[in-house]
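Per-entry structural report
Listed below are the residues making up each chain.
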Amino acid sequence: MAASRKLSDFASLKKAVKKVNEERRKQEEARKKAERQAQSDRELFLNSIGDVTPLDASDRIEPVFQAPKPIPVQRIADEKLALRESLSDEFSVESLLETDEALSYTREGIGPDVVRKLRRGHWVIQDQIDLHGMRRDEAREMIVEFLRQAALRGIRCVRIVHGKGLGSVNNEPVLKKLVHKWLVQRSDVIAFCQAKPADGGSGAVVVLLKGR
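We now turn to the structure provided with this report. Being a predicted model, the structure only gives us computed values, none of them experimental.

Over its 17 residues, helix α4 (residues 136-152) extends 25 Å from the first C-alpha to the last, a length consistent with the 24 Å expected when each residue adds 1.5 Å. Turning to α4, its buried residues number three or more, namely Ala-139, Arg-140, Ile-143, Val-144, Phe-146, Leu-147 and Ala-150. Along α4, the residues classed as buried sweep out an arc of 165° about the axis, all on the same side. Just beyond α4, the residue with positive phi is Gly-154, at close to 75°.

Set out below in structure tokens:
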């Protein structure tokens, strides 16, 4: 009984070894076949291009690929935070505005004739931005970018449409008040006043900017 079991185990082992050897033989044949195919392809390529002289590879320079610079996520976040802090919503503007119905404003040292000219349309409105439907932070960032671009283009007079607040809670012009607060904090704003009826009336403000 024991002898029969040993013979059976030996036969199984022999069969396993034969199977492993067969696999190795197949792998070796596949490798040699791939090498022959590669050599054949190389010869076919050389025959197709004719008589050529290979380039000297001694002075070859390998290309250097620079990884793309990482997106400065933290810096962008910091700039947005600085932007929000630079134009405060808590800034008290009432004492700086004129008490006329248009709530006009002129920077210190600017004569009253500037506002009068601004009301009469002495300066042509060269560009405008419409803040309808924007949230507070979005409107603030849009104004900052709009005024920055205006300065780069040398624009002097712009119109900012903030709406009359008819769709807000209690029909209060929240965005209008914020725009006034933000504008008086800008050093590039010389004066502003409510737009003429044809230009938006109480739903817009005309702004005069510093020249270059």
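Considered for burial, the residues of helix α3 (residues 113-120) that qualify are Val-114, Val-115 and Leu-118. End-on view of α3: buried residues confined to an arc of 95°, all on one side of the axis. Contacts made by the buried residues of α3 are with β1 (105-106), β3 (157-161), β4 (189-194) and β5 (204-209). Just beyond α3, the residue with positive phi is Gly-121, at close to 85°.

A few words now on the packing of α4 against helix α5 (residues 174-184). Look at α4 against α5: their axes get within 11 Å of each other, and the N-to-C directions meet at 40°. Classified by the angle between their axes, α4 and α5 sit oblique to one another. Relative to α5, the crossing made by α4 is right-handed. Counting all contacts with α4, which are made through Arg-136, Ala-139, Arg-140, Ile-143 and Leu-147, the residues of α5 involved are Val-174, Leu-175, Leu-178, Val-179, Trp-182 and Leu-183.

Basis of the calculations
Starting afresh in each chain, residues are numbered from 1 along the sequence in its written order. Whole-chain, interface and lining totals are the exception, using all residues; otherwise, since this is a predicted model, local features are given only for residues with pLDDT of at least 70 and side-chain atom pairs are given and counted only at 80 or more. Only heavy atoms go into the side-chain values, all of them from the structure, while hydrogens and water stay out. Helix and strand labels come from DSSP, where a helix needs a run of H or I of at least four residues and a strand needs a run of E of at least two; each type is numbered from the N terminus. What a helix is expected to span follows from its residue count: subtract one and scale by 1.5 Å. Think of it in three bands: residues with accessible area under 20% of the maximum for their type are buried, residues over 50% are exposed, and the middle band is partly exposed, with areas taken using a 1.4 Å probe on protein chains only. Note that the arc is computed from the directions linking the helix axis to the C-beta atoms. Only heavy atoms matter for contacts: two residues are in contact if any of them lie within 4.5 Å across the pair. Note on definitions: angles span 0 to 180 degrees between N-to-C directions of axes, and those axes are lines fitted to C-alpha atoms, for helices only across the stretch in contact. Angles below 35 degrees are treated as roughly parallel, those above 145 as roughly antiparallel, those between 65 and 115 as roughly perpendicular, and all remaining angles as oblique. Each crossing gets its handedness from the near helix: less than a right angle anticlockwise from the far helix is left-handed, clockwise is right-handed.

Geometric descriptors of this kind do not, in isolation, establish any biological role.
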